[in-house]
Amino acid sequence: MGEHFVMSTRFDKCEASDFGLEQLDAKRATNPKDHTLWGKCKLYDFGWGKENGFYKEPLPGFDTLLELVLYGKDRDDRYGAAAVILKKYSEKLLNECESCMEDVANSSAFKKLADIFNLKDPINLCPTANKSHDRIKSEYLRWKKISEAASRLE
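Here the structure is a predicted model, which is why all the values come from computation and not from measurement.

Taken as a whole, the largest pocket encloses approximately 580 Å³ of empty space. As for the largest pocket, its lining consists of 25 residues, of which Leu43, Lys50, Ala83, Leu86 and Lys87 are closest to the centre. Across the lining of the largest pocket, the residue classes break down as 17 nonpolar, 2 polar and 6 charged.

What follows is the structure, given as structure tokens:
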């Protein structure tokens, strides 16, 4: 159990009780040990669908989530944070990836980002709804450049 996220592995958990939480309603639970509130959500997709999970309320902002991805010791926190970043902060992730990619001092951070976010695939991770064709193309080309850099990592 992470400090900020708990999630299933290959859908082995679904209900709050599976995670050691007590269900309050359809979307919320509480930790009986410390009475913190947890929100139900779908988290990281390891290739077979988004895993079941919960996040501790309130949900952290981008900077804290990025720290969890890069330096978190707990698997649930790392991948839970990555799932939220992909859903809510993909444009900030794009900027962060470009910054790490261009800064040799951040090569280890870029490698971690490449691994967790599967950056070797040239996919536009930013939402496309209500964006112009030119903006979508521009973001795709930026992600493609990141993909090429990630593919050269060893």
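Here the narrative resumes.
Right, let's get into the state of the cysteines. In the structure shown here, the tally under the stated rule is 0 disulfides. The thiol of Cys97 is not disulfide-bonded; the next cysteine sulfur, from Cys100, is found 6.9 Å away. For Cys100, a relative accessible area of 3% translates into the label buried.

What follows covers the sheet that holds strand β2 (residues 22-23). Here we have 5 strands laid out as an open sheet, ordered β1-β5-β4-β3-β2, and antiparallel in their pairing. The open sheet has two edge strands, β1 (5-7) and β2, and neither has a second partner. As paired elements, strand β3 (residues 28-30) and strand β4 (residues 37-45) share 3 bridges and run antiparallel to each other. If you follow Thr30 over to β4, its bridge partner there is Leu37. Contacts from helix α2 (residues 75-88) reach β1 and β4 within the one sheet, and its direction differs from that of β1 by about 95°.

Let us look at the packing of aromatic side chains. One pass over the structure, following the stated rule, counts 6 aromatic pairs. Taking the centre distance of 5.0 Å and the plane angle of 55° together, the rings of Phe46 and Tyr79 count as tilted. Here Phe46, found in the loop between β4 and β5 (50-56), pairs with Tyr79, found in helix α2; they are 33 residues apart in sequence, far enough to count as distant. Cluster of aromatic residues (ring-pair linked, three or more members): Tyr44, Phe46, Trp48 and Tyr79. Sitting over the face of the ring of Trp48, Arg10 holds its NZ or CZ atom 4.2 Å from the ring centroid.

Quick look at unusual backbone geometry now. Cis geometry is adopted by the peptide bond preceding Pro58, which originates at Glu57 and carries an omega value of -5°. For Pro58, the location among the structural elements is in the loop between β5 and α1 (62-71). The phi torsion at His35 lies on the positive side, around 65°, for a residue other than glycine. Its location among the elements puts His35 in the loop between β3 and β4. Overall, the relative accessible area of 62% leaves His35 in the exposed class. One non-glycine residue with positive phi stands out, namely Asn130, at about 60°. Summarising the element assignment, Asn130 is placed in the loop between α4 (107-116) and α5 (133-151). Relative accessible area serves as the criterion here: at 84%, Asn130 is assigned to the exposed category.

Moving on: helix α3 (residues 90-102). End to end, α3 covers 18 Å across 13 residues, agreeing with the expected 18 Å (1.5 Å per residue, within 8%). Residues of α3 that are buried include every one of Ser90, Leu93, Leu94, Cys97, Glu98 and Cys100, and no others. Viewed end-on, α3 has its buried residues packed into an arc of 165°, placing them on one side of the element. Elements that come into contact with the buried residues of α3 comprise α1, α2, α4 and α5.

In this section: α2. Across its 14 residues, α2 extends 20 Å between first and last C-alpha, which sits within 8% of the 20 Å expected from 1.5 Å per residue. Buried residues of α2: Asp76, Asp77, Tyr79, Gly80, Ala81, Ala82, Ala83, Val84 and Ile85, and no others. Check the buried side of α2 and you find it contacts β1, β4, α1, α3 and α4. The opening residue of α2, the one whose side-chain oxygen lies 2.9 Å from the backbone nitrogen of Asp76, is Asp74.

Reading the values: the criteria
- Residues numbered from 1 in each chain as written.
- Predicted model: local features only at pLDDT ≥ 70, side-chain atom pairs only at ≥ 80, totals over all residues.
- Heavy atoms only, no water.
- 1 Å grid on protein atoms, 1.4 Å probe; cavity = no way out; pocket = protein on both sides within 12 Å on 5 of 7 lines; lining within 4 Å.
- Points joined across faces, edges and corners; volume = space filled by probe spheres on them.
- Nonpolar A, V, L, I, M, F, W, Y, C, P; charged D, E, K, R; others polar.
- Disulfide = S-S within 2.5 Å.
- Buried < 20%, exposed > 50% of the residue type's maximum accessible area, 1.4 Å probe, protein only.
- Pairing = 2+ DSSP bridges.
- Helix = DSSP H or I, 4+ residues; strand = E, 2+ residues; numbered from the N terminus.
- Contact = heavy atoms within 4.5 Å.
- Axes fitted to C-alpha atoms, helices over the stretch in contact; angles between N-to-C directions.
- Phe/Tyr/Trp six-rings, centres within 6.5 Å; stacked < 30°, edge-to-face > 60°.
- Lys NZ or Arg CZ within 6 Å of the ring centre and 35° of its normal.
- Expected span 1.5 Å × (residues − 1).
- Arc of directions from axis to C-beta.
- Polar contact = N/O pair within 3.5 Å; in protein donor to acceptor, adjacent residues only side chain to side chain.

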